[in-house]
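Next come the chains, spelled out residue by residue.
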Amino acid sequence: MNHRVTKDARKDAARIIDEALGFLYPAALRVAAAVGVADHLTDGPRTPSELAKATGTDPRSLHRVLRLLATRGLFEEDGEGRFRLTETGDALRSDAPLSVRSAVLMITDRTFWLPAGEMTRCVEQGASAFEDIFGAPFFDHFERDAETAAIFHDGMASMSDAENQPIADAYSFPPGATVVDVGGGHGGLLLSVLSDRPDLQGTLYDQPHVLAGHRLNTPELAGRWTTAEGDFFTSAPPGDIYLLKRILHDWDDAQSRTILRNCREAMRPGGRVLVIDAVIPQGNAPHQGKTLDLMMMASLVGRERTEREFRDLFAEAGLHLSRIIPTGTVLSIVEGEAAMD
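We now turn to the structure provided with this report. (Residues numbered from 1 in each chain as written. Predicted model: local features only at pLDDT ≥ 70, side-chain atom pairs only at ≥ 80, totals over all residues. Heavy atoms only, no water.)

Brief notes about the side chain of T178
For clarity, the threshold we go by: The helix count covers DSSP runs of H or I at least four residues long, the strand count covers runs of E at least two residues long, and both are numbered beginning at the N terminus. Any pair of N or O atoms that falls within 3.5 Å is considered a polar contact. Within protein, one atom must be able to donate a hydrogen and the other to accept it, and sequence-neighbouring residues count only if both atoms are side-chain atoms. Between two residues, a contact is recorded if the distance between any of their heavy atoms is within 4.5 Å.
Tracing the sequence through the fold places T178 in strand β3 (residues 178-182). Reaching out from T178, the side chain makes a polar contact with the side chain of R268 at a distance of 3.4 Å. Those residues in contact with T178, other than ones at most four positions away along the chain, are Q201, T203, P238, G239, D240, I241 and R268.

So this is what it looks like as structure tokens:
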């Protein structure tokens, strides 16, 4: 029997090993975000020693981190050993127009990182690893850890900034409607919606500690918005259009049905519920939603869903899925209207 290994087999083995090492890239990315390297490169290239002095780090270790990040085009090292910020890496600046620094710190936080390392347990037990690691479910942990909660809400706001305008532009809101942003965090999406449509009114609905950081208090929105404190598992404020952006993917089907039913019961005649989540496509093509789905599995109790799963979920909540609208982002608008009795 010929046991000679082919060239293609060696190539495939090397590729899989390279992919297994891939977790070290987000680890390095977190270092750069945490110590603020990009903020210290706005005036031009600097050596690792200069950057280490500015960031309070070890120059040799920092150089090794930046060397890896340079292979992905976030930084570039010149012939004199200085690093400069690239156009792509500019988004790591804390003051960039669409800064992702807070998003990186959230995604790579231990609340996501540690459960991901226990994914085998998730598959074997069919449940999140989060509570075993942190002693409480995901959002309960945030209620007792204000620092982690702040990282999460700041990160979600940062992650959303690049998505909100395309989402707002993708939907034709009815004239004079009251738009309720359910679990809307700091209100970035509602801000984009109201800024484009001066005839609309808005309600930002969330828990008190979240609403404290809202961004709606701007001159152009004066008199057109309000905040409402509450729990979307219990009720929803009255309105015409309900936004649920990155909400249902956090929760299982039973919990998601409760949220949808509360919106269905509160909405005015002719109202709509807009679930803004990734819609997992069929086939083997890459899609960020397939990656996010594993984050949901490891740390939370929800999941990213297919069109069929959304359709069934809506029906069980007294809604009819009327259409799915692409937004130019990884998220789609899944529109629901009251089902016929």
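What about the nonpolar core?
Threshold: Residues enter a nonpolar core if they are buried and are Ala, Val, Leu, Ile, Met, Phe, Trp, Tyr or Cys, with the set joined through side-chain atoms within 4.5 Å. The rule is simple: take the accessible area with a 1.4 Å probe, protein chains only, and divide by the maximum for that residue type; under 20% is buried, over 50% is exposed, in between is partly exposed.
With 26 residues, the main nonpolar core has V182, Y242, L244, L260, V273, V275 and F314 as its most contacted residues. Counting residues per element, the ones that place at least two in this core are β3, β6 (239-245), α13 (253-266), β7 (267-277), α15 (307-316) and β8 (319-326). Examining the composition of this core, we find that four residues originate from one element, α13, more than from any other. Once you skip the residues sitting within four places of it in the chain, Y242 turns out to touch V180, V182, A236, P237, C263, A266, M267, R272, V273 and L274. Core analysis: the second largest hydrophobic core is formed by 24 residues, I167, A168, V179 and I325 among them.

Structural notes on helix α3 (residues 48-55)
What counts is decided by this rule: To be clear, the arc concerns the directions from the helix axis to the C-beta atoms.
Where α3 is concerned, the buried positions are P48, L51, A52 and T55. Take α3 and look down its axis: the buried residues cluster within an arc of 100°, on one side only. Those residues of α3 that are buried are in contact with α2 (24-35), α4 (59-70) and β2 (83-85).

Things to note about the pairing of β3
Note the cut-off: Two strands qualify as a pair provided that DSSP identifies no fewer than 2 bridges between them.
Burial analysis of β3 places five of its five residues in the buried class, which makes it a mostly covered element. Neither face of β3 is left uncovered, since the one carrying T178, V180 and V182 and the one carrying V179 and D181 both have all their residues buried. The sheet contact formed by β3 and strand β4 (residues 201-206) spans five bridges and is parallel. Within the sheet, the bridge partner assigned to V180 lies in β4 and is T203.

So, the pairing of β6
As a reminder, the rule being used: Classification remark: right-handed applies to a crossover when, strands pointing away from the viewer, the course from the first strand over the helix to the second runs clockwise.
Counting buried residues along β6, seven of its seven residues qualify, which places the element largely inside the surrounding structure. Alignment of β3 against β6, held across three bridges, turns out to be parallel. Paired with V180 across the two strands is Y242, which belongs to β6. Handedness of the crossover joining β6 and β7 through α13 is recorded here as right-handed.

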